[in-house]
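# Structural features, examined
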Amino acid sequence: MRMKAFLYLPVKKMYNNKGNDGKGTYKKIMTRHRIKNVAAACLILILILNGCGAPPLTEDVQEEEPGITSMEEEPDLAYEVPVSLPNILVNQLGYITNGTKMAVFRGGEVSADFYVIKADTGETAFAGTLEKGNFGKTDDQLYYGDFSALIQPGTYYLETPFLGRSYTFQVADDLYAQVLREACRQYYYNRCGMSLTSEFAGERAHNACHTGNAVLREDISVSLNVSGGWHQDEMGSKDVVKASENIGVMLLAYELYGGAFGDNMGIPESGNDIPDILDEIRYEIEWLLKMQDPASGAVYSGVTVYEQGTGKGPVSYVEPADIEAAKAFAAVLAKFSYLYRNYENSFATDCLKASDRAWKYVELNGEKELEEADPWKFAAATELYRASGLAACHRFVTEYLSQIDSGGELDEVTFLGYVTYISTKQRVNLDLCERITKELMQTAEEISERAGSSGYLVEEGEGNEHNLKLLQNMMYLTMVDYMIANHEYDIVIENHFHYLMGRNEQAVCYIDNEGQSSYRQTDEAMGIMKQFGADSKLIFMLSEIVGGHTK
Ligand SMILES: [Zn+2]
């Protein structure tokens, strides 16, 4: 069991401080969870291996050893290759050499066998048998073809009588690391206020933008230097809360799977002995610092850029300070400070002080009574407590968790606060830690169950919102997978990646620059890397897929 020191501490405290009783309670949760998982794992294995114990798909299934077949044994493939959507759905980038490899097949008439064909020579590299899978959205029976045994690197496509061909894909090592690298680099491409040279940015190189001051929305006689940070849309607008969400997600990815992030992402800071993901986030953090009024601790909520009309160029406004921005600011500045202190202590200290000022501003100007869910204040309190031990923050955390019923669906800001609280080395309330752990595990189990019972092995739905939901689900599942090292969850996470890479109803790859059938052909807005709020979650998911296997 992989239980890292990171999360082991509070759990250990649970054992020590609560004696046998506490230990028993915790163990019970773990055991029940494990049994449930074993049962679920068995069920899925049965589904995949035996297709619910269904008889062979056709009468004339030949007992063949899967493996390399010679040209003479190749089936007759003289049918039309369809021009419409393929009925064999694959991860269009491909599969890791030693990983699980599975494709989804659909169609009224399905042959029992499928073949993996070498794209360059047309040779059959592997022959397998289809297994009955789950039903699709329209109650159509889907089939799964497992070709994990194919470990020869190369470019392939799948083929079966009646259904035609899949798009091509690769079998190779390190396929996904390059996607993670590109996902991280999106933030570099969006840097404001500095020149991006072609050495690092290729065709996205440009001169420094938005370098002039921006005027205050409330008082246009006052202007501020708020250049820097990342653009969040084509105009170059920047919102503090939105920035904070993405920083929070990426910092947690780094905290859990730091091994997935190198110092060689190809940004100007590469090679400085600080992981590039932290360098990139620091660029945004430096912009956030500009957004705070140092005297009051208030935080301007964002910068909006407008086009003024022909010839006049754009104009930038600094949006008024608001309490939500101060909470989000306090949360991520403390989080960054905590993770950055071993790299540059003085800057980390500055960040912690700025976080503390924002917290004090919130205390002074925010709601006095705790009446409803306030995820950012909760997250800020957990971060500041972990980073500085501030007693007022812990008082707020315990009061918040005791009074606010999480009840509904877990939101990602509360999630970030949860994880920080159960992983702090400061004194914690053990009952609350246990409650959080239970809620996280239950959330993960429900996500896993919904995914496992659907045709494409991710929760059912469609459209961009659905893709974003899947990415959010994978944050929760990845976190719990980190805590309990559940192999079944590893597979669920990979299945979500395969789905986004083309193993979906539309046979569309939602990741930029990959796959034969790009989202661009159907809906330009659905590219995950192009969406400021989605890319960080893709990074989170990939950090587990890439980092979880390299540890
Ligand atoms: Zn700019």
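This text gives an overview of the structure that appears in the document. Because the structure is predicted, anything quoted here is derived from the model rather than measured.

Reading guide: rules and limits
- In this convention, every chain numbers its residues from 1, walking through the sequence in written order.
- Reporting in this predicted model follows two pLDDT cut-offs: at least 70 for local features of residues, and 80 or more for side-chain atom pairs to be given and counted; totals over whole chains, interfaces and linings ignore these cut-offs and use all residues.
- Excluding hydrogens and water, the side-chain values take into account all heavy atoms of the structure.
- Strands here mean DSSP runs of E at least two residues long; helices mean DSSP runs of H or I at least four residues long; both are numbered from the N terminus.
- Exposure categories follow from relative accessible area, calculated using a 1.4 Å probe and restricted to protein chains: below 20% of the type maximum is buried, above 50% is exposed, and the middle band is partly exposed.
- Each accessible area value is a Shrake-Rupley result obtained with a 1.4 Å probe; residue values ignore everything except the protein chains displayed when judging cover.
- Should DSSP find at least two bridges between two strands, the strands are regarded as paired.
- Fitted lines through C-alpha atoms give the axes, limited to the stretch in contact for helices. The angle between two N-to-C directions lies from 0 to 180 degrees.
- Working rule for angles: under 35 degrees goes down as roughly parallel, over 145 as roughly antiparallel, 65 to 115 as roughly perpendicular, anything else as oblique.
- In this scheme, a crossing is called left-handed if the near helix is turned counterclockwise away from the far one by less than a right angle; it is called right-handed if the turn is clockwise.
- Should any heavy atoms of two residues lie within 4.5 Å, those residues are considered in contact.
- Remark: nonpolar core denotes a set of buried residues (Ala, Val, Leu, Ile, Met, Phe, Trp, Tyr, Cys) joined through side-chain atoms within 4.5 Å.
- Sodium, potassium and calcium take a 3.2 Å donor cutoff, other metals 2.8 Å, and in both cases only N, O and S atoms count; water is not among them, so sites may look incomplete.
- Any site counts as irregular unless it has four donors with all angles between 85 and 135 degrees, making it tetrahedral, or four or six donors with opposite ones more than 155 degrees apart and the rest between 65 and 115, making it square planar or octahedral.
- The span expected for a helix works out to 1.5 Å for each residue beyond the first.
- Think of a salt bridge as a Lys or Arg side-chain nitrogen and an Asp or Glu carboxyl oxygen that are within 4 Å of each other.
- Just so you know the grouping, Ala, Val, Leu, Ile, Met, Phe, Trp, Tyr, Cys and Pro go in nonpolar, Asp, Glu, Lys and Arg go in charged, and all remaining residues, Gly too, go in polar.

Moving on, we get to the overall build of the protein. Helices and strands together make up the secondary structure of the protein, namely 14 helices and 15 strands. Taken over 551 residues, the protein has a buried fraction of 53%. Surface summary for the protein: the accessible area is close to 23800 Å², and the carbon and sulfur share equals 50%.

The five strands lie next to each other as S12-S11-S15-S14-S13, forming an open sheet whose pairing is mixed. Since the sheet does not close on itself, it has two edges, and those belong to strand S12 (223-224) and strand S13 (238-239), each with one partner. Here S13 pairs with strand S14 (residues 300-307) via two bridges, running antiparallel. Across the sheet, the residue bridging to Lys238 is Val303, located in S14.

Turning our attention to the packing of helix H4 (residues 240-257) against helix H10 (residues 412-422). For the pair H4 and H10, interaxial distance at closest approach is 11 Å and the crossing angle is 40°. Comparing the axis directions of H4 and H10 gives the class oblique. In this structure, H4 meets H10 at a crossing whose hand is left-handed. Across the interface between the two elements, Glu245, Gly248, Val249 and Leu252 of H4 pack against Glu412, Val413, Phe415, Leu416 and Val419 of H10.

Right, let's get into the nonpolar core. Counting 163 residues, the largest nonpolar core has Phe147, Leu158 and Phe415 as its most contacted members. Sorting elements by how many residues they give to this core places helix H6 (residues 323-340) first, with 14 residues. Leaving out residues up to four positions away in the same chain, Leu158 has contacts with Ile88, Val90, Ala103, Phe105, Phe114, Tyr115, Val116, Phe147, Gly164, Arg165, Ser166 and Phe169.

Counting buried residues along S14, six of its eight residues qualify, which places the element largely inside the surrounding structure. Pairing geometry for S14 and strand S15 (residues 314-321), over seven bridges, is antiparallel. Looking across to S15, one finds that Tyr306 is bridged to Val315. Between S14 and S15, which pair antiparallel one after the other, the connecting turn spans six residues, and Gly309 there sits at a positive phi close to 120°.

On the protein side, the zinc ion has Cys192 (SG), Cys209 (SG), His210 (ND1) and His231 (NE2) as donor atoms, found 2.0 to 2.3 Å from it. Every donor counted, the four donor atoms about the zinc ion form angles of 98 to 118° at the centre, which fits tetrahedral coordination. Of note, the donors binding the zinc ion are all from one chain and are spaced C-x16-C-H-x20-H. Taken together, the residues span a long stretch of sequence, with Cys209 in the loop between helix H3 (198-201) and strand S11 (214-216) and His231 in the loop between S12 and S13 at a distance of 22 residues. Summarising the burial analysis for this pair, Cys209 and His231 share the class buried.

Moving on to the pairing of strand S10 (residues 169-172). Alignment of strand S2 (residues 94-96) against S10, held across three bridges, turns out to be parallel. If you follow Tyr95 over to S10, its bridge partner there is Val171. Note: strand S8 (residues 154-160) against S10, three bridges, orientation antiparallel. Bridge pairing links Tyr156 to Phe169 in S10.

Our focus in this paragraph is the environment of Leu93. Residue placement: Leu93 occurs in the loop between strand S1 (88-89) and S2. Between the C-alpha atom of Leu93 and that of Thr168, which follows or precedes it by 75 residues, the distance is 8.1 Å.

A rise of 1.5 Å per residue sets the reference length of helix H9 (residues 391-403), with its 13 residues, at 18 Å; its end C-alpha atoms lie 18 Å apart and thus fit the reference within 8%. Three or more residues of H9 are buried, namely Cys393, His394, Phe396, Val397, Thr398, Tyr400 and Leu401. In the core, the buried residues of H9 are packed alongside helix H7 (345-365), helix H8 (375-388), H10 and helix H11 (430-452).

Scanning the model with the defined rule gives 25 salt bridges in all. Notably, a salt bridge pairs Glu269 with Arg191, separated by 3.1 Å at the nearest N-O pair. Of this pair, Glu269 sits in the loop between H4 and helix H5 (276-290) while Arg191 sits in the loop between helix H2 (175-189) and H3, and the two are 78 residues apart along the sequence. Of the charged contacts, one joins Lys327 and Asp374 as a salt bridge, the two residues approaching to 3.2 Å between their closest N and O atoms. Placement of the pair is Lys327 in helix H6 and Asp374 in the loop between H7 and H8, with a sequence separation of 47 residues. According to the relative accessible area criterion, Asp374 is buried, its value standing at 10%. Beyond isolated ion pairs, a larger network of salt bridges with shared partners links Glu255, Lys335, Glu383 and Arg386.

A few words on the sheet that holds S1. Spatially, S1-S3-S7-S6 is the arrangement adopted by the four strands of the open sheet, whose pairing is antiparallel. Of all the strands in the sheet, the pair left with one neighbour each is S1 and strand S6 (131-135). Two strands pair when backbone bridges link them, and S1 and strand S3 (residues 102-105) are joined in this way by two bridges, in the antiparallel orientation. Residue pairing for S3: Ile88 is matched across the bridge by Phe105.

Before going further, it helps to examine the packing of H6 against H8. In the contact formed by H6 and H8, the axes pass within 8 Å of each other and the chain directions differ by 30°. The pairing of H6 with H8 is recorded here as roughly parallel in orientation. Viewed along their axes, H6 and H8 form a crossing whose handedness is left-handed. Across the interface between the two elements, Glu324, Lys327, Ala328, Ala330, Ala331, Ala334, Lys335 and Tyr338 of H6 pack against Trp376, Lys377, Ala379, Ala380, Glu383, Leu384, Arg386 and Ala387 of H8. Looking at the contact of H6 with H8 residue by residue, the class counts come to ten nonpolar, no polar and six charged.

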